[in-house]
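These are the residues of each chain, in order.
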Amino acid sequence: MTDPTQSSSYPYEEEFESHFGAPLVDQDDQSTAITEQTMEELRALAARYPDSRSALLPMLHLVQSVDGRVSPAGVEACAEVLGITAAQVSGVATFYTMYKRRPGGKHHIGVCTTALCAILGGDVLLDRVEHKLGIKEGQTTPDGKFSLERIECNAACDFAPIMMVNWEYMDNMTPARADEILDALAADEEVHSTRGATITSWREAERVLAGFPDGRADEGPTAGDASLRGLRIAREHGWHAPDPNNLPQPDPEEGK
C-alpha cells in the first residue's frame, strides 16, 4: 500500500465521491447479481415472520450480500416479495447507516469515535486509517478493497478504542496495530478478530446478518475479559441479584 501523504494530491478531499452519504439509492447504477435463488431466499426470509414486512431489514442485508449495496433491483425485489411499494423499501434502506447506497469494499472498516473511544484515541485511529487507505470516511478505495466508516458507538466501551472489520471487533486498537491488520487484509492473509472469529468479507458478513449462518458462531468468545470482570468479582464475593419473588417490601412510613 502506498503512503498517501507522499502524494501531491493529499489530503485528497476532492478526489473521491462519498459512497455512503448520499441520501437516496443510486439509480444511475442499475446492475445487479440478484438471481432466482436470491428471490427464493428473500421469500424464505419473509416467511419467517408472522407479519412478512418485519423481514425487510434482513432482506436488505441479503441484497447487500449479493450486490454490495442496496441496489435499485434489490429495492424492487424486496417490494415485490413483501407486497409494498419501492418507496417504502427505500425509506427504510436510506434511514439506517448499515445499508449502503453505493458499493462498499471487500472489507468494510469501521472506527468508533464516540465518547470513550475518542478519549482513548479513536480520532487518532481514524486519521491513521484514512492516511493508510488514502480515503476519507464514507469512501471506498479505487480498487474496491476497502471502505471506511466513522462509527457512532460500537457498544464495546470496555475495549476502547474499537475498530471493526466487516462488523467483527478489533479491540484495544492502536494505530500501529491497525496498519498491520490493513496490510494483512490487503495481502489476502488470514486475519482474526481479537475475539477469535476469522475475518471473511463484508458481503459474507452481510449474508450472516440476513439470517443465513456460516457455521462460525462459536469461533470466538461471546464476551471478553473486561466485560466479564464484574461477573467474576460478584461470584468471588457471593454477590447476586435479589430474588424477584422475594423482594424487600418498602417501608410504609418512608416518604410520608
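First things first, this report covers the structure right here in the doc. Keep in mind the model is a prediction, meaning the values are calculated, not measured.

### A short note on the packing of aromatic side chains
Turning to step 1, where the next piece is worked out: Tallied over the entire structure, the rule returns two aromatic pairs.
Turning to step 2, where the next piece is worked out: When the ring of Phe95 is compared with that of Tyr96, the centres are 4.9 Å apart and the planes differ by 85°; the resulting orientation is edge-to-face.
Turning to step 3, where the next piece is worked out: In this structure Phe95 comes out as exposed when scored by relative accessible area, which is 62%.
Turning to step 4, where the next piece is worked out: An angle of 85° between the planes, with centres 6.2 Å apart, marks the rings of Tyr96 and Tyr99 as edge-to-face.
Turning to step 5, where the next piece is worked out: Aromatic ring contacts, followed pair by pair, group Phe95, Tyr96 and Tyr99 into a single cluster.
Turning to step 6, where the next piece is worked out: The residue whose ring lies beneath Arg195 is Phe159, and the NZ or CZ to ring-centre distance is 4.6 Å.

### Some details on helix α1 (residues 36–47)
Turning to step 1, where the next piece is worked out: Taking 1.5 Å per residue, 12 residues should reach 16 Å; α1 reaches 16 Å between its end C-alpha atoms and fits that length.
Turning to step 2, where the next piece is worked out: The complete set of buried residues in α1 reads Thr38, Met39, Glu41, Leu42, Leu45 and Ala46. Mapping the buried residues of α1 onto a view down its axis gives an arc of 160°, with all of them on the same face. Across from the buried face of α1, at angles greater than 90 degrees, the exposed residues are Gln37 and Ala47.
Turning to step 3, where the next piece is worked out: Close packing links the buried residues of α1 with α2 (56–67), α3 (72–82) and α8 (202–210).

What counts as what
Residues numbered from 1 in each chain as written. Predicted model: local features only at pLDDT ≥ 70, side-chain atom pairs only at ≥ 80, totals over all residues. Heavy atoms only, no water. Phe/Tyr/Trp six-rings, centres within 6.5 Å; stacked < 30°, edge-to-face > 60°. Buried < 20%, exposed > 50% of the residue type's maximum accessible area, 1.4 Å probe, protein only. Lys NZ or Arg CZ within 6 Å of the ring centre and 35° of its normal. Helix = DSSP H or I, 4+ residues; strand = E, 2+ residues; numbered from the N terminus. Expected span 1.5 Å × (residues − 1). Arc of directions from axis to C-beta. Contact = heavy atoms within 4.5 Å.

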